[in-house]
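Structural overview
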Amino acid sequence: MTDTMKQIVLASYAKGNPKPSDFRLEEVPLPTAGDREILLRTLWLAVDPLFRFAIDEVRLSGATHLELGDVMVGATVSEVVASNHPDYEPGDVVEGRTGWREYAVVAPDQSDYRGPPRKLDRSLAPVSTALGVLGMPGQTAHGGVETLRIKPGDTVAISAAAGAVGSIAGQIARIKGARAVGIAGGPAKCQALLDLGFDGAADYKSPDFAAQLKAAAPNGIDCYFDNTGGDVTLEVFRQLNRGARMAMCGYIAYYGMGFEGPGPDHMPALYRTIMNTGLEIRGFAGVFAPPSVLEEIAGWISDGKITYPETVVEGLESAPDAFASVFSGNDAVGKLLVRVADLA
Ligand SMILES: NC(=O)c1ccc[n+]([C@@H]2O[C@H](COP(=O)([O-])OP(=O)(O)OC[C@H]3O[C@@H](n4cnc5c(N)ncnc54)[C@H](OP(=O)(O)O)[C@@H]3O)[C@@H](O)[C@H]2O)c1
């Protein structure tokens, strides 16, 4: 083990979509574990658009807010390399939120509301899945689909469907008997959705997006799992059936726009849609599905009902580019991960 480690800190608050230059790579002394603490070596880092909320200058939403110079927040899978805590021993692999750094010291007794680092069963699935299908994104997909109250035969549209949450949400909707229609940017991502078993796909970057969506959902849309807001959602609103339900999971199209955004004002379209269709909207933030749902998802994986694509970029230094790409466009399908180190 060396005496120093790399970490990535917030260099400037994000204005609009995040840029790689909003972050700075630093070399700092390796920390040591004190009494009832553990030293973790990062193996995998999740690229989660959710943490865009942490890097606004003014806190708009979300539990985490960074000061300039703070290590960027991020979910990680790590190996315990030293332990002064009875519940952990070297070689354990854990999931936590230790941020964009190669090593971190954690005091399991003083963990945040998410609890102490979660020990992973390495025989169950590759440990990277703790950041995707068998972690927060999987729980989010499961919980969001539950709120839609799907009836067999319903058509469920999912925005950002090729992402970590959407790719799993669509597959769970199909398990519940729905017809799943994914919305994503570009023909390659749409083909990836069909390969995952989605019943239809529509490319929102194509000039004929509205027609593609209509062709994929010829009987209209009964349920909408929304990850984006923006123009995608406006088109979905036009194609909703009466009595539609919407799970508002995310609104990535608006994350860089402050509280109100610059306009134009789309509230009239929202009001018209709610009244004319009887649309019910349920928003949620934070993982509200109990960890037991991960067992159910693991069962679906072993039954071959769910597949979980991952896209991997190499090295901690790649994290700023990978994070920015989520907002500016990328080829990633499924969970986007940074491989920081290999298991010893
Ligand atoms: N409520 C919660 O508790 C909770 C928990 C986790 C995540 N979330 C939210 O759920 C959403 C999906 O998260 P994720 O982890 O699945 O993200 P992800 O895997 O990083 O996928 C995000 C995708 O969103 C698409 N996108 C970006 N900007 C867009 C825009 N302006 N219009 C339409 N699509 C756009 C991009 O795909 P394309 O190439 O297809 O454009 C991008 O790859 C995010 O909004 C996230 O913040 C909410």
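The rules we used
- Residues numbered from 1 in each chain as written.
- Predicted model: local features only at pLDDT ≥ 70, side-chain atom pairs only at ≥ 80, totals over all residues.
- Heavy atoms only, no water.
- Patch = residues over 30% accessible without salt bridge, like charges linked within 9 Å, V, L, I, M, F, W, Y side chains within 5 Å.
- Areas by Shrake-Rupley, 256 points an atom, 1.4 Å probe, with all protein chains shown as cover.
- Salt bridge = Lys/Arg side-chain N within 4 Å of Asp/Glu carboxyl O.
- Helix = DSSP H or I, 4+ residues; strand = E, 2+ residues; numbered from the N terminus.
- Near = heavy atom within 4 Å.
- Polar contact = N/O pair within 3.5 Å; in protein donor to acceptor, adjacent residues only side chain to side chain.
- Core = buried A, V, L, I, M, F, W, Y, C linked by side-chain atoms within 4.5 Å.
- Buried < 20%, exposed > 50% of the residue type's maximum accessible area, 1.4 Å probe, protein only.
- 1 Å grid on protein atoms, 1.4 Å probe; cavity = no way out; pocket = protein on both sides within 12 Å on 5 of 7 lines; lining within 4 Å.
- Points joined across faces, edges and corners; volume = space filled by probe spheres on them.
- Nonpolar A, V, L, I, M, F, W, Y, C, P; charged D, E, K, R; others polar.
- Domains from an automatic or database assignment.
- Contact = heavy atoms within 4.5 Å.
- Axes fitted to C-alpha atoms, helices over the stretch in contact; angles between N-to-C directions.
- Parallel < 35°, antiparallel > 145°, perpendicular 65-115°, else oblique.
- Left-handed = near helix turned anticlockwise from the far one by under 90°.
- Disulfide = S-S within 2.5 Å.
- Buried area = accessible area lost by both parts, 1.4 Å probe.

A word on a nonpolar patch on the surface
On the surface, Met248, Tyr251, Tyr254, Met257, Ile274 and Ile281 cluster together to form a nonpolar patch covering roughly 460 Å² of accessible area. Locating methionine 248 in the fold gives a position in strand E12 (residues 240-248).

Comments concerning the site of the ligand
Looking at the ligand, there are 25 residues lining it, with Ala164, Val165, Lys189, Tyr204 and Tyr255 nearest. Contact distances for the ligand include 2.4 Å between an oxygen atom and a side-chain N or O atom of tyrosine 204. Residue cysteine 249 places a main-chain N or O atom 2.9 Å away from a nitrogen atom belonging to the ligand. Where the shell around the ligand is concerned, the elements lending two or more residues are helix H1 (136-147) and helix H2 (164-175).

A few points about the nonpolar core
Formed by 34 residues in total, the largest nonpolar core has its most connected members in Ile150, Val156 and Phe225. Residue assignment for this core shows that the elements contributing at least two residues are H1, strand E8 (155-158), H2, strand E9 (179-184), helix H3 (187-195), strand E11 (221-226) and helix H7 (292-302). With 5 residues, the top contributor of residues to this core is H2. Listed in part, the 26 residues of the second largest apolar core include Phe23, Tyr255, Ala322 and Phe323.

Quick look at empty space enclosed by the protein
In total, this model carries 2 cavities of 30 Å³ or more according to the counting rule given. Taken as a whole, the largest cavity spans an internal volume of roughly 70 Å³. What lines the largest cavity is simply Thr129, Gly132, Val133, Ala164, Ser167, Ile168, Tyr308, Pro309, Glu310, Gly334 and Lys335. With 3 residues, H2 is the single largest residue contributor to the lining of the largest cavity. Class assignment of the residues belonging to the lining of the largest cavity gives a composition of 5 nonpolar, 4 polar and 2 charged. Split by domain, the residues of the lining of the largest cavity number at least three in each of domain 1 (4-132 + 308-339) and domain 2 (137-283). Considered as a void within the structure, the second largest cavity measures approximately 30 Å³ in volume. If you trace the second largest cavity, you find it lined by Asp48, Ala75, Glu95, Arg114, Ala130, Leu131, Met136 and Pro137.

Points about helix H5 (residues 230-238)
Most of H5 is tucked away: 7 of the 9 residues are buried. Inspection of H5 places Gly230, Val232, Thr233, Leu234, Glu235, Val236 and Phe237 among the buried residues, and these make up the whole buried set. Looking at the buried residues of H5, the elements they touch are E9, helix H4 (209-216), E11, E12 and helix H6 (267-277).

Things to note about the packing of H1 against H2
Running from N to C, H1 and H2 point in directions that differ by 45°, and their axes come no closer than 8 Å. Taken together, the axes of H1 and H2 are oblique relative to one another. Pair H1 / H2 crosses with right-handed handedness. On H2, the residues that touch Pro137, Thr140, Ala141, His142 and Val145 of H1 are Ala164, Val165, Ile168, Ala169, Ile172 and Ala173. Here the residues of the contact of H1 with H2 are counted per class, giving 9 nonpolar, 2 polar and no charged.

Digging into the state of the cysteines
A complete count under the given rule lists 0 disulfides for this structure. The cysteine cysteine 223 is free of any disulfide, with cysteine 249 supplying the nearest cysteine sulfur at 15 Å. Assessed through its relative accessible area of 0%, cysteine 223 is described here as buried.

A closer look at the environment of arginine 36
The topology assignment puts arginine 36 in the loop between strand E2 (23-29) and strand E3 (38-46). In the structure, arginine 36 is positioned 51 residues away from aspartate 87 in sequence and 9.4 Å away in space, judged by C-alpha atoms. Setting aside residues no more than four positions away along its own chain, arginine 36 makes contact with Asn84, His85, Pro86, Ala107, Pro108 and Asp109. Here the side chain of arginine 36 touches aspartate 109 through a polar contact of 2.6 Å, side chain to side chain.

Quick word on the domain arrangement of the chain
Domain annotation for the chain reports domain 1 (4-132 + 308-339) and domain 2 (137-283). Contact residues are listed per partner, giving 20 residues for domain 1 and 17 residues for domain 2. Taking both partners together, domain 1 and domain 2 bury about 1,300 Å²; carbon and sulfur atoms supply 66% of that area. It is Phe53, Leu60 and Val333 in domain 1 that bury the most area against domain 2; as a group they hold 29% of the surface buried on that side. Linking domain 1 with domain 2 are 0 salt bridges, by the criterion used here.

Brief notes about the pattern of salt bridges
Counted by the stated rule, this structure contains 16 salt bridges. The closest approach of N and O atoms between aspartate 56 and arginine 52, which form a salt bridge, is 3.0 Å. Grouping residues by exposure puts aspartate 56 and arginine 52 together as buried. For glutamate 280, the salt bridge goes to arginine 149, with nearest N and O atoms at 3.1 Å. A residue pair is termed long-range when its members are at least 10 positions apart, and glutamate 280 in strand E13 (residues 280-283) and arginine 149 in the loop between H1 and E8 qualify at 131 residues. Owing to a relative accessible area of 39%, glutamate 280 belongs among the partly exposed residues under this scheme. On the basis of relative accessibility, which here comes to 47%, the residue arginine 149 falls in the partly exposed class.

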